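As a plain string of letters, each chain reads:
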Amino acid sequence: MNNFKRVFGPGKPVIAMVHLGALPGSPLHDSDAGLEGLVTGARNDLNALQAAGFDAVMFGNENDRPYEFNVDTASTATMAYVIGQLRSEIKVPFGVNVLWDPMSSVALAAATGASFVREIFTGTYASDMGPWTPDAGKAVRYRDRLGRRDMALLYNVSAEFADSLDRRSLPDRARSAVFSSIPDAVLVSGQITGEAAALSDLEAVKKVLPDTPVLANTGVKHATIADVLKVADGCIIGSALKIDGDTWKAIDPHRAQDLMDRARAARGDT
């Protein structure tokens, strides 16, 4: 069975982000709040998302700006600590994303028992962080070497904060990634965090990948969730769930509940 279905089942999962506060060593880290501040913030967001009924959650380090390709070991270790503190409270499948480092993401997932990883695994990009050349072969072999072939790998094929140097169309790049790199799902993104992928891009990628899960990765909102789920096989949501829709604020329980209610209605859940 495909790892995606093993983790999420046969439906269209709506995955909610738990954005950790800036980690030690990153410029925005709150040293006064310390590790316990990170745990408390993540716990509050996790509780709100689980109460709203999201299908899965994903822990990410979006606050660690400017992002790195080779993440400091302390960042990965701190994420593991925070997730470890919350592990007994997590009631749904969970994943991780250490921006923008596939190897660290896989290591963190293995260490915490996460079911899935989201990352940029393929392609070549010009980005805000410099030339971007991930190595899918290395990351997938690392996953298997750690004994986690059951870990679902979600490939973001349209990197945020970057432009692909591969001049093939997005559908062609997505189709090639599936052929050469065996992802469990393909993600389609907007230009930056919180900005939507064009619905036409989702439609085009899904058309060439009818047998591969294709998810909307950024910018899904209350007003668009129904249209997105008509095309995509699921979605990942962060900013729309926050207070005032602001990426850097805490989860708003009312916004989270409203969005998940709309998702259930769009899916025809009973």
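Residues numbered from 1 in each chain as written. Predicted model: local features only at pLDDT ≥ 70, side-chain atom pairs only at ≥ 80, totals over all residues. Heavy atoms only, no water.

Examining the nonpolar core
Then comes step 1: Of all hydrophobic cores here, the largest spans 64 residues; its most connected members are Leu49, Phe54, Phe59, Cys235, Ile237 and Leu241.
Then comes step 2: When residues in this core are grouped by element, the largest group, 7 residues, is from helix α2 (residues 34–52).
Then comes step 3: Setting aside its immediate chain neighbours within four residues, Phe54 contacts Val14, Ala16, Leu49, Val92, Leu241, Ala256, Leu259 and Met260.
Then comes step 4: Listed in part, the 14 residues of the second largest apolar core include Ile15, Met17, Ala56 and Ala152. (Core = buried A, V, L, I, M, F, W, Y, C linked by side-chain atoms within 4.5 Å. Buried < 20%, exposed > 50% of the residue type's maximum accessible area, 1.4 Å probe, protein only. Helix = DSSP H or I, 4+ residues; strand = E, 2+ residues; numbered from the N terminus. Contact = heavy atoms within 4.5 Å.)

Some points on the pattern of salt bridges
Then comes step 1: Applying the stated criterion across every chain, the model contains 16 salt bridges.
Then comes step 2: As a salt-bridge pair, Arg262 and Asp258 come within 3.2 Å of each other at their nearest N and O atoms. One end of the pair, Arg262, and the other, Asp258, are both in helix α9 (residues 253–267), 4 residues apart, so they sit about a helical turn from each other.
Then comes step 3: On the accessibility criterion, Asp258 (31% relative accessible area) is partly exposed.
Then comes step 4: Here the residues in one salt-bridge network are Arg143, Asp144, Arg149 and Asp184, joined through shared partners. (Salt bridge = Lys/Arg side-chain N within 4 Å of Asp/Glu carboxyl O.)

Some points on the packing of helix α6 (residues 170–181) against helix α7 (residues 199–208)
Then comes step 1: Their axes nearest at 9 Å, the elements α6 and α7 cross at an angle of 40°. The pairing of α6 with α7 is recorded here as oblique in orientation. As α6 runs across α7, the sense of the crossing is right-handed. Facing α6, whose interface residues are Leu170, Pro171, Ala174 and Arg175, α7 presents Asp201, Ala204, Val205 and Val208.
Then comes step 2: Its residues assigned to classes, the contact of α6 with α7 comprises 6 nonpolar, no polar and 2 charged. (Axes fitted to C-alpha atoms, helices over the stretch in contact; angles between N-to-C directions. Parallel < 35°, antiparallel > 145°, perpendicular 65-115°, else oblique. Left-handed = near helix turned anticlockwise from the far one by under 90°. Nonpolar A, V, L, I, M, F, W, Y, C, P; charged D, E, K, R; others polar.)

Some remarks on the packing of aromatic side chains
Then comes step 1: Under the counting rule described, the total for this entry stands at 10 aromatic pairs.
Then comes step 2: With a centroid separation of 6.0 Å and an interplanar angle of 80°, the aromatic rings of Phe59 and Phe94 are classed as edge-to-face. On the criterion of sequence distance, the pair formed by Phe59 in strand β2 (residues 56–60) and Phe94 in strand β3 (residues 94–97) is long-range, its members being 35 residues apart.
Then comes step 3: Judged by relative accessible area, which is 0%, Phe59 ranks as buried.
Then comes step 4: Here the aromatic rings of Trp100 and Trp132 are separated by 4.8 Å at their centres, their planes lie at 65°, and the arrangement is edge-to-face. One end of the pair, Trp100, is in the loop between β3 and α4 (102–112); the other, Trp132, is in strand β6 (residues 130–132), and 32 residues separate them in sequence. Side by side, Trp100 and Trp132 carry an identical accessibility label, which is buried. (Phe/Tyr/Trp six-rings, centres within 6.5 Å; stacked < 30°, edge-to-face > 60°.)

A short note on α6
Then comes step 1: Taking 1.5 Å per residue as the helical rise, α6 with its 12 residues ought to reach 16 Å, and the 16 Å between its terminal C-alpha atoms agrees with that figure.
Then comes step 2: Residues of α6 that are buried include every one of Leu170, Pro171, Arg173, Ala174, Ala177 and Ser181, and no others. Burial along α6 is one-sided: seen end-on, the buried residues are contained in an arc of 165°. Of the exposed residues in α6, the ones pointing more than 90 degrees away from its buried face are Phe179 and Ser180.
Then comes step 3: Looking one or two places after α6, you find Ile182, whose phi comes out positive at around 45°. (Expected span 1.5 Å × (residues − 1). Arc of directions from axis to C-beta.)

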